[in-house]
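# Working through the structure, step by step
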Amino acid sequence: MDSVDSSCLIGFVFFTKSIPLHPGHAQYKFPLFNLYGYLSTSGTYGSVDNRVCRVDFDEAWVRPAENDAFEQEPYPDIESVPDSIVKFLIRNIGRAAFIEAFAVFPVSYLDNELIVFDFELLGTRICARKEC
């Protein structure tokens, strides 16, 4: 894993406890199966050391869409999702699919409100905001 160039860090705070993340939402589209909607997650983040963060996703939920128009917004949190077998399945699959080894990421930026980290497995950079 490459180390973070500290000259690129605008600020860095070392956290001794986990901080809640604002829920994240991503659209999913599987037109072959006529499946559209939002996949959402929530969890916590904190420091492993001054160059590496840890993100733990503890909840996952979906909001299916009728078509690819995405006319509805995603559910804002797990409590807003109506009880159903789908909620139960997605929540438990999300928890089971969480792999500790993939929870540690190089940090690009971290302060009291925001974290930017590199998810090297997918080759993407993620920005997450602290939940109010």
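Residues numbered from 1 in each chain as written. Predicted model: local features only at pLDDT ≥ 70, side-chain atom pairs only at ≥ 80, totals over all residues. Heavy atoms only, no water.

### A short note on the overall build of the chain
Within the chain one finds one helix and seven strands. Taken from N to C terminus, the helices and strands of the chain fall in the order β-β-β-β-α-β-β-β. Relative to its full complement of 132 residues, the chain shows a buried share of 35%. For the chain, the accessible surface area stands at approximately 8500 Å², while carbon and sulfur atoms represent 57% of it. (Helix = DSSP H or I, 4+ residues; strand = E, 2+ residues; numbered from the N terminus. Buried < 20%, exposed > 50% of the residue type's maximum accessible area, 1.4 Å probe, protein only. Areas by Shrake-Rupley, 256 points an atom, 1.4 Å probe, with all protein chains shown as cover.)

### A closer look at the pairing of strand 4 (residues 52-65)
When you tally the buried positions in strand 4, you get 10 out of 14 residues, the bulk of the element. Where strand 3 (residues 35-47) lies against strand 4, 12 bridges are found, and the strand directions are antiparallel. The residue of strand 4 that forms the bridge with Thr41 is Ala60. Linking two consecutive strands that pair antiparallel, namely strand 3 and strand 4, is a turn of four residues. (Pairing = 2+ DSSP bridges.)

### A few points about a nonpolar patch on the surface
Taken together, the side chains of Ile85, Val86, Phe88, Leu89 and Ile93 define a hydrophobic patch exposed on the protein surface, amounting to about 490 Å² of accessible area. On the secondary structure map, Leu89 appears in helix 1 (residues 85-97). On the basis of relative accessibility, which here comes to 42%, the residue Leu89 falls in the partly exposed class. (Patch = residues over 30% accessible without salt bridge, like charges linked within 9 Å, V, L, I, M, F, W, Y side chains within 5 Å. Salt bridge = Lys/Arg side-chain N within 4 Å of Asp/Glu carboxyl O.)

### Examining the packing of aromatic side chains
Per the counting criterion, the structure on display carries two aromatic pairs. Over the ring of Tyr75 we find Arg63, and its NZ or CZ is 4.2 Å from the ring centre. (Phe/Tyr/Trp six-rings, centres within 6.5 Å; stacked < 30°, edge-to-face > 60°. Lys NZ or Arg CZ within 6 Å of the ring centre and 35° of its normal.)

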